[in-house]
Amino acid sequence: MMKNIATLQTDLMGAIGSADTLDALEAVRIAALGKQGSVSALLKTMGSMSPEERQTQGPIINGLRESITSALASKKADLETADLNRRLASERVDMTLPAPETPRGTVHPVSQVMDELAEIFADMGFAVAEGPEIEDDWHNFTALNIPETHPARAMHDTFYFPDEMARDGQKMVLRTHTSPVQIRTMTSQEPPIRIIAPGRVYRSDSDATHTPMFHQIEGLVIDKGIHLGHLKWTLETFLKAYFEREDVVLRLRPSYFPFTEPSVEVDVGYSVVNGKRVIGGAEGWMEVLGSGMVHRKVIEACGLDPDVWQGFAFGTGVDRLAMLKYGMDDLRAFFDGDNRWLQHYGFNALDVPTLSGGVGA
Ligand code: DAH
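Residues numbered from 1 in each chain as written. Predicted model: local features only at pLDDT ≥ 70, side-chain atom pairs only at ≥ 80, totals over all residues. Heavy atoms only, no water.

Caption draft 1: Spatial organisation of the site of the ligand. H177, S179, R203, Q216 and E218 are the nearest of the 15 residues found near the ligand. Q216 is positioned with one of its side-chain polar atoms (N or O) 2.9 Å from an oxygen atom of the ligand. With respect to the ligand, the backbone of A313 contributes an N or O atom lying 3.2 Å from an oxygen atom. In isolation the ligand has 360 Å² of accessible area, and contact with the protein removes 91% of it. Put simply, the parts of the chain that give the shell around the ligand at least two residues each are β5 (213-223), β9 (284-294) and β10 (310-317). (Near = heavy atom within 4 Å. Polar contact = N/O pair within 3.5 Å; in protein donor to acceptor, adjacent residues only side chain to side chain. Areas by Shrake-Rupley, 256 points an atom, 1.4 Å probe, with all protein chains shown as cover. Helix = DSSP H or I, 4+ residues; strand = E, 2+ residues; numbered from the N terminus.)

Written out as C-alpha cells, the structure reads:
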C-alpha cells in the first residue's frame with residue numbers, strides 16, 4: 001500500500017509536470033481527484049479501514065491529496081501566466097491604423113452653443129468666468145438683492161441642501177441661476193470687468209420646456225460711465241452674430257429683476273417662412289433674455305462704490321438659445337443621451353465655431 005501511494009504520487013506529479021495545456025492539466029485533475037479518480041478511490045478505502053490502519057494510512061492518503069491539489073493549482077497558475085504572456089506578445093494594437101473616415105461621436109448642441117457664445121463674446125473682449133454649482137445662499141440670493149423674505153426665492157423652486165451641510169452658517173443650494181458668478185467675479189477681481197459665465201443651473205421643475213438641470217449664460221460688465229446704450233449695443237451685436245443675420249430686431253421691455261434697476265426683458269423679432277418661425281424681421285416677438293443695469297445694492301454688496309462703478313448684466317438659457325437656432329422643440333431630449341438624437345442634432349467634433357468661419361458651423 002505504502003509503495004503504491006508513493007508510485008501514484010510520482011506518476012501524478014510527473015503527469016502534472018508534463019501537462020502543457022490547461023486542457024491536459026484538467027484531464028490529470030479528473031483522473032486523480034474526479035469521482036472515478038485514483039486519489040478519490042484511495043480516499044474511499046479509508047471508510048473500511050480498522051481504526052489503527054486509518055491512523056497510519058489516513059495522514060498519508062490526505063497528504064497525497066493535498067500535495068496533488070496544490071501541485072495542480074500552481075501548474076494551473078503557471079499555464080495561465082504563460083497563456084497571457086503569449087497573447088500579450090501576439091496581440092498588438094496597430095497604432096499606424098488611419099482614423100475612421102467619419103468620426104462617430106458628435107458634439108452636443110449645448111456644448112456647441114457654449115463654444116459659439118464664448119467665441120462671440122471673446123471678440124468683444126469678454127473673459128469666461130466660472131462659479132460652483134453648489135452655491136451658498138448669500139451668493140445665490142442675498143448678495144443679488146434677494147433677501148430671505150423675497151418672493152423671488154419661491155419663484156426659483158430651489159433645491160436646498162439639508163441644514164447639516166451649511167457652510168460658515170450659510171445654507172447651501174444648487175445654484176438656481178448663473179447670476180451668483182457676478183458676485184464671485186466682483187468680489188475677487190478689480191473692475192473694469194467684462195465676463196460671461198456659462199454653466200449648469202438647477203430648479204425643481206420638469207416638463208417639455210423645463211428640466212431640473214439646464215444651462216444658462218450670464219454676462220456682466222462693470223466700468224465707469226456704463227449705461228443702457230452699452231447694454232443694447234452689446235446684446236444686439238451678440239444676437240446678430242449668434243443668429244448669423246443682420247436683420248435681427250430687438251425689443252426691450254421694462255421688467256423686474258431684484259438685481260438690476262432698471263430691468264429689461266429682451267425679445268427678438270421673427271418672421272414666418274413656410275409656416276415656420278425664423279429669427280429676423282418683426283412679425284412676432286420671442287423673449288430671449290433678461291437684463292438690466294446692475295443694482296446699486298449688488299455693487300455695494302460686493303464692496304464696490306456704486307457712485308464710481310456702474311454696469312449691466314444679462315442672463316439667458318443656453319438650451320433655449322440652441323432650440324431657437326437649431327430647431328429642436330423638446331428640451332427633455334437634450335438630456336436623454338439618445339444616440340439617434342445626438343447623431344441628428346450633434347455637431348462634427350472638428351467643426352470648431354470661429355467668427356471668421358461662421359459660428360453657426
Ligand atoms: N438670473 C435670471 C434668471 O435666472 C436671469 C437674469 C435676468 C440674469 C436679468 C441677469 C439679469 O443678469 O440682469 O432667471
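Next, the rest of the story.
Caption draft 2: The arrangement of the packing of helix α2 (residues 22-33) against helix α4 (residues 51-90) in detail. As a packed pair, α2 and α4 sit with axes 10 Å apart at the nearest point and diverge in direction by 170°. The angle between α2 and α4 falls in the class roughly antiparallel. Between α2, through L22, L25, R29, A32 and L33, and α4, the contact on the second element is made entirely by R65, I68, T69, L72, K75, K76, L79 and E80. Taken together, the residues that form the contact of α2 with α4 break down as seven nonpolar, one polar and five charged. (Axes fitted to C-alpha atoms, helices over the stretch in contact; angles between N-to-C directions. Parallel < 35°, antiparallel > 145°, perpendicular 65-115°, else oblique. Contact = heavy atoms within 4.5 Å. Nonpolar A, V, L, I, M, F, W, Y, C, P; charged D, E, K, R; others polar.)

Caption draft 3: Quick peek at helix α3 (residues 38-45). When we look at burial in α3, the residues that qualify are V39, S40 and L42. Seen from one end, α3 has its buried residues packed into an arc of 160°, which puts them on one side. (Buried < 20%, exposed > 50% of the residue type's maximum accessible area, 1.4 Å probe, protein only. Arc of directions from axis to C-beta.)

Caption draft 4: Fine view of the packing of aromatic side chains. One pass over the structure, following the stated rule, counts 11 aromatic pairs. Taken together, a centroid distance of 4.8 Å and an interplanar angle of 75° make the contact between Y242 and F243 edge-to-face. On the accessibility criterion, Y242 (0% relative accessible area) is buried. Exposure remark for F243: the relative accessible area of 9% places this residue in the buried category. Cluster of aromatic residues (ring-pair linked, three or more members): F121, F126, F238, Y242, F243 and F314. The ring of W309 has K224 sitting right over it, with the charged end atom 5.0 Å from the ring centre. Geometry around Y242 places K325 over its ring, the cationic atom sitting 4.4 Å from the centre. (Phe/Tyr/Trp six-rings, centres within 6.5 Å; stacked < 30°, edge-to-face > 60°. Lys NZ or Arg CZ within 6 Å of the ring centre and 35° of its normal.)

Caption draft 5: How the structure looks around the pairing of β9. The element β9 is largely enclosed, with a buried count of nine among its 11 residues. Sheet topology note: the strand β7 (residues 260-273)/β9 ladder contains nine bridges and is antiparallel. Along β9, the bridge assignment pairs Y270 with G284. Of the pairings in the sheet, the one linking β9 to β10 comprises four bridges and is antiparallel in character. Residue pairing for β10: S291 is matched across the bridge by F314. (Pairing = 2+ DSSP bridges.)

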